[in-house]
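For reference, the chains in residue letters:
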Amino acid sequence: MNNIKITRPKYYDSSFRFYNTITCCLQHDIWDELEHGMWKEFDIDAFLENERQYAINAEHKENIRNLLVYPHFAVVEPGHTWNDKKGDTEIVYTPIEISSSCSYKTLMSAVEDYFQEFEGEKIGVHLSGGLDTSIIMSWLHELHIPFTAIGFKSNRWEFRTEQRVQERMAQYAQHAELIDIDEYPFYSELDKCPKCQSPYGLGFKDYSISQAMIARFKDFGVTTVFSGQGGDTLFVDAVPQDRPLLLAVGDEFEMCAGADMYYSPAGIKLEVPFADMNIIQQIASLRLGEGEDVSKWWARRYFKGILPNELSEFGYVADMYGLELDGLEMAKPILRILFNEVYELTHNKNFSPYETSKFFDINVFALDFKEYVEYGARLSIAAWLHALLRDESNNETSDNIPKRML
């Protein structure tokens, strides 16, 4: 292992930062340290424990205490900051100013101002079949801004509603296309994931389908893609009248991992209209006094004039869990190789032949949320380490990785 070297990717800008507990400074990246061998000191057990704590406290993130996964370095995720008193990272909350003068007219003025920033860009939108991206497409349609819509489709029964909505929303687009996800399953091509500085920055679940969608966006000349991220927070969470509204905009609204790992290297900007502070302020003000709204009935009623009836009159919950579990099951052959590779390199007990055998005896279709998170944590370690050590200079498999593992 002493002879193994890593090569940083050609494109490695990242929204993640790294707090150096010795210098007490925030670093843009740790590629120099990784190239000098710090990857060997990555604490697998600490990472798995952090993910276990996340699974337990997902609804109460303030209770999570993060262990360092690198000696003297804390991974600072987008939307987080380092707190010296706590000796840990914490989420940054932004106060939202509520105004009584907001109306549909002022909201659409804020939306128009936002889209004007992208004048001259070739626009794309994720055609998900969900309400949030459909609202964005309806805004663009209302403002006569042409766009290309790309998404993925599935013939599974639980996708029958999304498929109908996708067909309706495709009519708003200048170009629209749906890619069959059966050809690009979740968790496929785990051995091809992009390099990044820790498993926290690795978007591995949807790597294959994301690459397929990006390729089609590029075919249409798209330079900026809009996502509906943040809609769940804006349209679902309560907006109480009796206390200030604080939102974790950088944590919940941005799609930094997708932008860093997929879109930016392809020369495409991934943007989130719902992360715009003017739009946030308008919608939050309009929803003042609304309670939790899981089915987003307020949004469906409020945008009834620009949404198709399938979205304004009916509510449904999108469910990709079955697709994800199918992908996990199909990924087991390549995962066996990657797990063996991790053990060969680190001798960590979690990847020993015995633990690996137990791991692959798990019935993925019976996983609850906590088990699903813990299962995915091991996948991310294996995919991350393989990518980190991969030599891409000749687009061939790295000589760093033991041949008997390949």
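Criteria and thresholds
- Residues numbered from 1 in each chain as written.
- Predicted model: local features only at pLDDT ≥ 70, side-chain atom pairs only at ≥ 80, totals over all residues.
- Heavy atoms only, no water.
- Helix = DSSP H or I, 4+ residues; strand = E, 2+ residues; numbered from the N terminus.
- Pairing = 2+ DSSP bridges.
- Core = buried A, V, L, I, M, F, W, Y, C linked by side-chain atoms within 4.5 Å.
- Buried < 20%, exposed > 50% of the residue type's maximum accessible area, 1.4 Å probe, protein only.
- Contact = heavy atoms within 4.5 Å.
- Axes fitted to C-alpha atoms, helices over the stretch in contact; angles between N-to-C directions.

1. Topic: the environment of G37
- Mapping G37 onto the fold places it in the loop between helix 1 (31-35) and helix 2 (44-56).
- On a C-alpha basis, the gap between G37 and I4 in space is 8.5 Å, while along the polypeptide they are 33 residues apart.

2. Describing the pairing of strand 1 (residues 17-20)
- As judged from the 4 bridges shared by strand 1 and strand 3 (residues 73-76), these two strands associate in the antiparallel manner. Bridging across to strand 3, R17 finds its partner in V76.
- Two elements, strand 1 and strand 2 (residues 25-27), share 3 bridges in a ladder whose sense is antiparallel. Residue pairing in the sheet places F18 in a bridge with Q27 of strand 2.
- Linking strand 1 to strand 2, which pair antiparallel, is a turn of 4 residues; within it C24 sits at a positive phi near 60°.

3. Details of the nonpolar core
- Counting residues in hydrophobic clusters, the biggest one holds 71 residues, and the most contacted among them are L34, Y70 and L328.
- Looking at which element gives the most residues to this core, the answer is helix 16 (residues 369-389), with 11 residues.
- Apart from residues lying up to four places away in sequence, L34 is in contact with I6, W39, Y70, Q197 and L388.
- Counting 47 residues, the second largest nonpolar core, distinct from the first, contains V125, L245, F253 and F274.

4. A look at the sheet that holds strand 12 (residues 269-271)
- Within the open sheet, the 5 strands sit side by side as 9-8-7-10-12. Their pairing is parallel. Since the sheet does not close on itself, it has two edges, and those belong to strand 9 (175-180) and strand 12, each with one partner. Across the sheet, the mean angle separating the axes of adjacent strands is 25° when strand polarity is ignored.
- Here strand 10 (residues 224-226) pairs with strand 12 via 3 bridges, running parallel. Along strand 12, the bridge assignment pairs T224 with K269.
- Against the sheet, helix 6 (residues 207-219) touches strand 7 (123-126), strand 8 (148-153), strand 9 and strand 10, its axis set at about 155° to strand 8.

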